[in-house]
Amino acid sequence: MLATLKEILARANKENYTVLAANIFNMESLLAIIGAAEKENAPIILNIGQMRMSDEKLGAPLTHAARELAEQVAVPVCINLDHGTERAVLMKAMDCGCTSVMIDASKLPYDENVAYTREIVEIAHSRGISVEGEIGHVGPGNEYTDRGAKDGLTEPETARAYAEATGVDALAVAIGTAHGTYKKAPKIDFERLEEIKAVVDVPLVLHGASCTGEDKLKEAAQRGIRKINMFTEFLIDTAKAINEAYAKDDTLNYDNLSAIAKNTYEEKVRHYIRLYGGSGKAWSR
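Residues numbered from 1 in each chain as written. Predicted model: local features only at pLDDT ≥ 70, side-chain atom pairs only at ≥ 80, totals over all residues. Heavy atoms only, no water.

Caption draft 1: Structural context of the packing of aromatic side chains. For the structure shown, the criterion picks out five aromatic pairs. Considering the side-chain rings of F234 and Y272, the 6.0 Å spacing of their centres and the 45° angle between planes classify their relative orientation as tilted. A residue pair is termed long-range when its members are at least 10 positions apart, and F234 in helix 10 (residues 232-248) and Y272 in helix 11 (residues 254-275) qualify at 38 residues. Each member of the pair, F234 together with Y272, is buried. (Phe/Tyr/Trp six-rings, centres within 6.5 Å; stacked < 30°, edge-to-face > 60°. Helix = DSSP H or I, 4+ residues; strand = E, 2+ residues; numbered from the N terminus. Buried < 20%, exposed > 50% of the residue type's maximum accessible area, 1.4 Å probe, protein only.)

Caption draft 2: Region of interest: the environment of V168. Residue placement: V168 occurs in the loop between helix 7 (156-166) and strand 6 (170-173). The exposure class assigned to V168 is buried, which follows from its relative accessible area of 4%. Separated by 47 residues in sequence, V168 and V121 place their C-alpha atoms 6.5 Å apart.

Caption draft 3: Up close: the layout of surface pockets. One number sums up the size of the largest pocket: a volume of about 460 Å³. Of all elements in the fold, only helix 3 (50-54), strand 3 (77-84) and strand 8 (225-230) reach the threshold of two or more residues within the lining of the largest pocket. By residue number, the principal contributor to the lining of the largest pocket is helix 3, which donates three residues. Its residues assigned to classes, the lining of the largest pocket comprises five nonpolar, twelve polar and two charged. (1 Å grid on protein atoms, 1.4 Å probe; cavity = no way out; pocket = protein on both sides within 12 Å on 5 of 7 lines; lining within 4 Å. Points joined across faces, edges and corners; volume = space filled by probe spheres on them. Nonpolar A, V, L, I, M, F, W, Y, C, P; charged D, E, K, R; others polar.)

Caption draft 4: View of the side chain of R192. Structurally, R192 is set in helix 8 (residues 190-199). Apart from the residues within four sequence positions on either side, R192 is in contact with L153, T154, E155, A174 and I175. (Contact = heavy atoms within 4.5 Å.)

Caption draft 5: Representation of the packing of helix 10 against helix 11 within the structure. Where helix 10 meets helix 11, the closest approach of the two axes is 9 Å, and the angle between their N-to-C directions is 140°. With respect to their mutual orientation, helix 10 and helix 11 come out oblique. With respect to the hand of their crossing, helix 10 and helix 11 are arranged in right-handed fashion. Between helix 10 and helix 11, the contacting residues are E233, F234, L235, D237, T238, A241, I242, A245 and Y246 on the first element and L257, I260, A261, T264, Y265, K268, V269 and Y272 on the second. By residue class, the composition of the contact of helix 10 with helix 11 is twelve nonpolar, two polar and three charged. (Axes fitted to C-alpha atoms, helices over the stretch in contact; angles between N-to-C directions. Parallel < 35°, antiparallel > 145°, perpendicular 65-115°, else oblique. Left-handed = near helix turned anticlockwise from the far one by under 90°.)

Caption draft 6: The environment of G278, seen in detail. Mapped onto the elements of the fold, G278 is located in the segment after helix 11. With a relative accessible area of 4%, G278 lands in the buried category. The spacing of G278 and A32 is 246 residues in sequence and 17 Å in space, taken between C-alpha atoms.

Caption draft 7: Spotlight on the nonpolar core. One finds L20, L46, L171, M230, V269 and Y276 to be the most contacted residues of the largest nonpolar core, which totals 73 residues. When residues no more than four places from it in sequence are discounted, the contact partners of L171 are G133, E134, I135, A159, Y162, A163, V200, V202, P203, L204 and V205. Among the nonpolar cores identified, the runner-up in size contains 16 residues, and M1, L5, A12 and A21 belong to it. (Core = buried A, V, L, I, M, F, W, Y, C linked by side-chain atoms within 4.5 Å.)

Caption draft 8: Examining the pattern of salt bridges more closely. What the rule picks out here adds up to 19 salt bridges. Residue D95 pairs with R127 through a salt bridge whose shortest N-O separation is 2.8 Å. Residue D95 is found in helix 5 (residues 87-96), and its partner R127 is found in the loop between helix 6 (110-126) and strand 5 (130-135); the two are separated by 32 residues along the sequence. Residue D95 is classed as exposed on the basis of its relative accessible area of 55%. On the accessibility criterion, R127 (38% relative accessible area) is partly exposed. Of the charged contacts in the structure, one is a salt bridge between D189 and R192, with a shortest N-O distance of 3.1 Å. We classify D189 as partly exposed; its relative accessible area is 25%. (Salt bridge = Lys/Arg side-chain N within 4 Å of Asp/Glu carboxyl O.)

Caption draft 9: Local environment of the sheet that holds strand 4 (residues 100-103). Read around the closed barrel, the eight strands follow the order 1-2-3-4-5-6-7-8; overall the barrel is parallel. If you compare each strand with its neighbour and ignore which way they point, the axes differ by 25° on average. Sheet topology places strand 7 (residues 204-206) next to strand 8; three bridges connect them, and they run parallel. Pairing of L206 across the sheet is with I228, part of strand 8. (Pairing = 2+ DSSP bridges.)

Caption draft 10: Just helix 8, in detail. Every buried residue belonging to helix 8 is among F190, R192, L193 and I196, and all of these are buried. On an axial view of helix 8, the arc spanned by its buried residues comes to 150°, and they lie on one face. Exposed and oriented more than 90 degrees from the buried face of helix 8 are E191 and A198. (Arc of directions from axis to C-beta.)

Now the structure itself:
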């Protein structure tokens, strides 16, 4: 069942659980995530990164395949462009059938971020598409230091003003996580999260969750994060599974290894759906 990000996160907010957003990049990953959501009877968010969407041969077909599969299953499925910075890619995602787009203008000065985000919100909302914005900035893990994230963390009052000025349906905040793998152990500012939660009315999103640690992620969910993005950790664990299988049996071919990859990806997604309290939370219209 196709659903918007606004629909999915409104229910998560009301019922106090968190929805996993996992990346699709080929058919195996798409089938794995959809299969995991079905088995857990959980709502799910399919993230498509800007690089994939920009691919002339992959972006549109992958999105169309995601829509077709989403329409065949009973669980709610949101198809979301992740970290859209380029206007052309954001428009392509809407045209291809995404039910949500994440505009990442977080590197721009505040006023430019608000103006650009507001423009995309107006276009998307006129088409029944949800929008996620970002204030503060989640940087790469290789820039992590002993003091934590290198880039600026989200200020609560700035987050409140940004959410009100832009009309976004969800807000990604920077509280100490980083994209990719960490150079240093992650430090999550839960006090900052609670301060943001107290003044921002829209659901909050955590990016850079991979390799952050299950205890920290579970606590973030319990303290009010309603969408958690994960990708790198799934790729790492899937690669390990393939390598281990091939080391044991070097007669395994591409088809065999693809099946192992799909099954591993699916089990990882199921694990985090359960961790965030999403199991059994699917609904029907």
